[in-house]
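Residues per chain, in single letters:
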Amino acid sequence: MTDRRIAFEPMAEEAEWRTVLICRGTGCESSRSAEIQTEMEAETTRLGLADVRVKFTGCHGFCQYGPIVVIEPEGVFYTQVKVEDVPEIVQSHLVDDQIVMRLVYRDPVTAEPIPHYRDIPFYHKQQRIILRRCGHICPEEIDDYLAYEGYEALRKTLLNLEPEAVIQEIKRSGLRGRGGAGFPTGLKWQFTYQASGDPKYLVCNFDEGDPGAFMNRSEVEGDPHCLLEGMAIAAYAIGANQGFVYGRAEYPLAIQRLRKAIAQAEERGFLGDDILGSGFSFHIAIKEGAGAFVCGEETALMASIEGRRGMPRPRPPFPAQSGLWGKPTLINNVGTYFNVPSIILNGADWFARIGVEKCRGTKVFSLVGKVVNSGLVEVPMGTPLHEIIFGIGGGIPKGRKFKAVQTGGPSGGCIPASLLDLPVDYDSLTEVGSIMGSGGM
C-alpha cells in the first residue's frame with residue numbers, strides 16, 4: 001500500500017442518507033460532545049430532516065481540535081464545535097447545503113480552510129489500518145462493525161483454516177508485538193500452541209501506563225469489536241477457550257464499551273459456545289487493574305488476574321509454558337490483536353509489504369507535547385522521525401527549535417535533533433539508546 005490517504009467510504013446502501021458523526025472519545029466527551037449529540041438530534045427532529053442520522057463515534061485522533069463533528073457522505077470535518085454551534089450547522093449545512101466555513105479546520109501556517117477530512121495533512125500523510133474504523137463507526141453498534149468486514153476474518157479462520165495455518169500466516173506476516181518488546185507474534189503463538197498443559201489461557205494486556213500514551217484507550221473506545229475478533233482468532237490458533245482483558249480502571253469509557261461489545265458478540269454468536277457452528281468455544285472476561293504501573297509487566301499482570309499482589313517474577317518459565325495458574329498462557333497487547341483480522345483477511349504478503357524488513361505493518365503513536373498537531377498518528381514502521389513530527393505533527397509551535405523527542409515512556413530515552421532522520425522501528429530506536437515502548441512520543 002503506497003497511498004496513505006484514508007480510504008473509508010459510506011456503504012452503497014447508505015449513500016441516500018446523510019450521517020452526522022459526533023466524536024465521543026474521552027477527549028471530546030470532556031468537552032461536552034454528548035450534549036452536542038443531544039442538541040443535534042433535537043434540532044434535526046425539529047426541522048423534520050428524515051434523511052439525516054445522528055450517530056456518535058470513538059476518537060478521530062486529532063484530539064486537540066475536538067469536539068469533532070463529521071458529516072458524511074461529504075466528509076466535511078468540523079472542529080472545536082460547541083453546543084451553541086449546532087443550529088447553524090443544521091440549518092446551513094444540512095438544510096441549505098452550505099458548509100459552515102468558520103468551523104472547518106484551517107492550516108496553522110497559511111490559515112487556509114480545509115473542509116474535507118481526506119485533505120487534512122494530519123490524516124492525508126498517515127496510513128490508517130488499525131485506526132481505519134475509529135471515528136467512522138459507532139463503537140456501541142455491532143452492525144456498524146459488521147458493515148465494514150467485521151468478524152469476516154473470524155469466520156474465515158473458523159470455517160476454512162486449521163490452527164497451524166493461522167499461526168503460519170501470522171509468522172509470515174512479520175507482525176511483532178505492539179506492547180513494547182517487539183517479540184515476533186507468530187513465534188509466541190507457536191510456543192503457546194506447542195506447550196503441554198490444559199487448559200490454555202489467552203490474555204490481552206490493556207494496562208497502558210506510559211505517560212502521554214493513549215493509543216490503546218482510543219482503539220478500544222472507537223472499535224472494541226476489532227479487539228474481540230483478534231483475540232478470538234488467536235485463541236482458536238493456540239487452543240484456548242478462556243480469555244481475559246486486563247484493563248486500566250482509569251479507562252472507564254473504554255471498559256464500558258468493551259463490556260457492551262462482548263455482550264453483543266455473544267448474542268450474535270461471535271463469542272461464547274460453538275462460535276458460528278464451528279465447535280470452537282471462547283469466552284472473554286474483563287479484569288480491571290487498580291492503577292499499579294508495574295502491572296503492565298506480563299508476570300505482574302498475571303498475578304493480579306489470579307487475585308495476588310501484582311509483582312513481577314523471574315523468567316523462565318515464560319508465560320507460554322507456565323502462565324495463569326501455571327498453565328500455558330498467551331499474552332499480547334491491544335495493538336497486536338488489532339492487526340490480526342486484517343492479516344487474516346488480506347493475507348500475510350499484503351501486511352509484509354508495509355513497513356521495513358524487520359518491522360512490518362504500521363504503528364500507532366500518541367504524539368503529544370510541544371508540537372503543532374497533537375493526537376493519534378498511524379504510520380508504517382520505518383517512517384523517519386522527521387516525517388512524524390514535522391510532516392504530520394506540523395513541527396514545533398511558534399517556529400521554535402526542535403530539541404528532542406522522548407519515546408518509550410519511562411524506560412525509553414530522548415532522541416535529539418541530530419537524529420531526526422532516524423527511522424522509527426524497534427531495532428533503530430534500540431540502537432540509539434531508546435525503545436519504542438507502547439507508542440508514546
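From a predicted model like this one, the values you see are computed outputs, not experimental measurements.

### Considering the overall build of the protein chain
Link 1 in the chain: Secondary structure summary: the protein chain contains 16 helices and 16 strands in total.
Link 2 in the chain: A compact globule built from 441 residues would reach a C-alpha radius of gyration of about 22 Å, and the protein chain, at 22 Å, matches this within 12%.
Link 3 in the chain: For the protein chain, the C-alpha atoms occupy an extent of roughly 65 × 55 × 40 Å along the three principal directions.
Link 4 in the chain: Taking all 441 residues of the protein chain together, the buried fraction comes to 58%.
Link 5 in the chain: Taking the average location of the 45 positive side-chain charges in the protein chain and that of its 55 negative ones, the two points are 7 Å from each other.

### A short note on the side chain of Arg128
Link 1 in the chain: Here Arg128 shows up in the loop between helix H4 (121-124) and helix H5 (142-147).
Link 2 in the chain: Buried and without a salt bridge, Arg128 has Glu378 as its closest oppositely charged side chain, separated by 5.2 Å.
Link 3 in the chain: Polar side-chain contacts of Arg128 include one of 3.1 Å to the backbone oxygen of His60.

### A word on the sheet that holds strand E9 (residues 283-288)
Link 1 in the chain: Sheet architecture is open: 4 strands sit in the order E9-E8-E7-E10, paired in parallel fashion. One side of each edge strand has no neighbouring strand; the edge strands of this open sheet are E9 and strand E10 (329-333). Averaged over neighbouring strand pairs, the angle between their axes works out to 20° when direction is ignored.
Link 2 in the chain: Looking at chain direction, strand E7 (residues 201-206) and E10 are connected through 5 bridges and run parallel. Paired with Asn205 across the bridge in E10 is Asn333.
Link 3 in the chain: In the packing of helix H11 (residues 252-268) onto the sheet, contacts are made with E7, strand E8 (242-247) and E9, and the angle to E9 comes to roughly 165°.

### Some thoughts on the nonpolar core
As a rule of thumb, soluble globular proteins bury nonpolar side chains together.
Link 1 in the chain: Counting 63 residues, the largest nonpolar core has Trp189, Leu202, Phe206, Leu227, Leu228, Met231 and Phe282 as the members making the most contacts within it.
Link 2 in the chain: The biggest single contributor to this core is helix H10 (residues 224-238), with 11 residues.
Link 3 in the chain: If you look at the next biggest cluster of nonpolar residues, it comprises 36 residues, including Phe77, Tyr117, Ile396 and Val405.

### Some words on the side chain of Asp223
Link 1 in the chain: Counting through the fold element by element, Asp223 comes out in the loop between helix H9 (215-222) and H10.
Link 2 in the chain: Its relative accessible area of 1% is what places Asp223 among the buried residues.
Link 3 in the chain: Here the side chain of Asp223 touches Arg133 through a polar contact of 3.2 Å, side chain to side chain.
Link 4 in the chain: Each residue touching Asp223, except ones within four places of it in the same chain, is listed here: Arg133, Cys134, Ile137, Pro139, Tyr145 and Phe338.

### Here's the deal with the packing of aromatic side chains
Link 1 in the chain: This structure, assessed with the given rule, holds 20 aromatic pairs.
Link 2 in the chain: Judged by centre distance (4.7 Å) and plane angle (65°), the rings of Phe62 and Tyr65 are edge-to-face.
Link 3 in the chain: On the accessibility criterion, Phe62 (0% relative accessible area) is buried.
Link 4 in the chain: Relative to Tyr105, the ring of Phe62 has its centre 5.5 Å away and its plane inclined at 45°; by these criteria the two rings are tilted. Of this pair, Phe62 sits in the loop between strand E2 (52-57) and strand E3 (69-72) while Tyr105 sits in strand E5 (residues 105-106); the two residues are 43 residues apart in sequence, bridging distant segments of the chain.
Link 5 in the chain: Linked through ring pairs, Phe62, Tyr65, Phe77, Tyr105, Tyr117, Phe122 and Tyr123 together constitute an aromatic cluster.
Link 6 in the chain: In this arrangement the basic side chain of Arg248 is found over the ring face of Tyr251, its NZ or CZ atom lying 6.0 Å from the centre.

### Brief notes about the sheet that holds E2
The strands that make up a sheet are held in pairs by hydrogen bonds between backbone atoms, and each pair lies either parallel or antiparallel.
Link 1 in the chain: Taken in spatial order, the 4 strands line up as E2-E1-E3-E4 in an open sheet, and their pairing is mixed. Of all the strands in the sheet, the pair left with one neighbour each is E2 and strand E4 (76-78). Put simply, the sheet's adjacent strands are angled 20° from each other on average, direction ignored.
Link 2 in the chain: Inspection of the sheet shows strand E1 (residues 18-23) paired to E3 by 4 bridges, in the antiparallel sense. Among the inter-strand pairings, Leu21 is bridged to a residue of E3, identified as Val70.

### Description of helix H8 (residues 185-194)
Link 1 in the chain: Buried within H8 we find Thr185, Gly186, Trp189, Gln190 and Thr192. For H8, the arc enclosing every buried residue in end-on projection is 165°, short of the 170-degree limit, so these residues lie on one face.
Link 2 in the chain: Summarising the contacts, the buried residues of H8 are in contact with helix H7 (163-173), H10, E10 and helix H13 (334-346).

### Here's the deal with the pairing of strand E15 (residues 404-407)
Every other side chain in a regular strand lies on the same face of the sheet, so the side chains alternate between the two faces.
Link 1 in the chain: Residues Val405 and Thr407 of E15 are buried on one face, while the alternating residues Ala404 and Gln406, pointing to the opposite face, are not.
Link 2 in the chain: Here E15 pairs with strand E16 (residues 413-416) via 4 bridges, running antiparallel. In the strand pairing of E16, Ala404 is matched with Pro416.
Link 3 in the chain: Taking the residues between adjacent antiparallel strands as the criterion, E15 and E16 are bridged by 5 residues, where Gly408 takes a positive phi near 85°.

### Things to note about the pairing of strand E14 (residues 375-380)
Link 1 in the chain: For E14, the buried fraction is high: 6 of the 6 residues fall into the buried class.
Link 2 in the chain: Note: strand E13 (residues 362-367) against E14, 6 bridges, orientation antiparallel. Bridge assignment links Ser366 to a residue of E14, and that residue is Leu376.

Rules behind the numbers
- Residues numbered from 1 in each chain as written.
- Predicted model: local features only at pLDDT ≥ 70, side-chain atom pairs only at ≥ 80, totals over all residues.
- Heavy atoms only, no water.
- Helix = DSSP H or I, 4+ residues; strand = E, 2+ residues; numbered from the N terminus.
- Rg over C-alpha atoms; globule rule 2.2 N^0.38 Å.
- Buried < 20%, exposed > 50% of the residue type's maximum accessible area, 1.4 Å probe, protein only.
- Lys, Arg positive; Asp, Glu negative; His and termini not counted.
- Charge placed at Lys NZ, Arg CZ, Asp CG, Glu CD.
- Salt bridge = Lys/Arg side-chain N within 4 Å of Asp/Glu carboxyl O.
- Polar contact = N/O pair within 3.5 Å; in protein donor to acceptor, adjacent residues only side chain to side chain.
- Pairing = 2+ DSSP bridges.
- Axes fitted to C-alpha atoms, helices over the stretch in contact; angles between N-to-C directions.
- Contact = heavy atoms within 4.5 Å.
- Core = buried A, V, L, I, M, F, W, Y, C linked by side-chain atoms within 4.5 Å.
- Phe/Tyr/Trp six-rings, centres within 6.5 Å; stacked < 30°, edge-to-face > 60°.
- Lys NZ or Arg CZ within 6 Å of the ring centre and 35° of its normal.
- Arc of directions from axis to C-beta.

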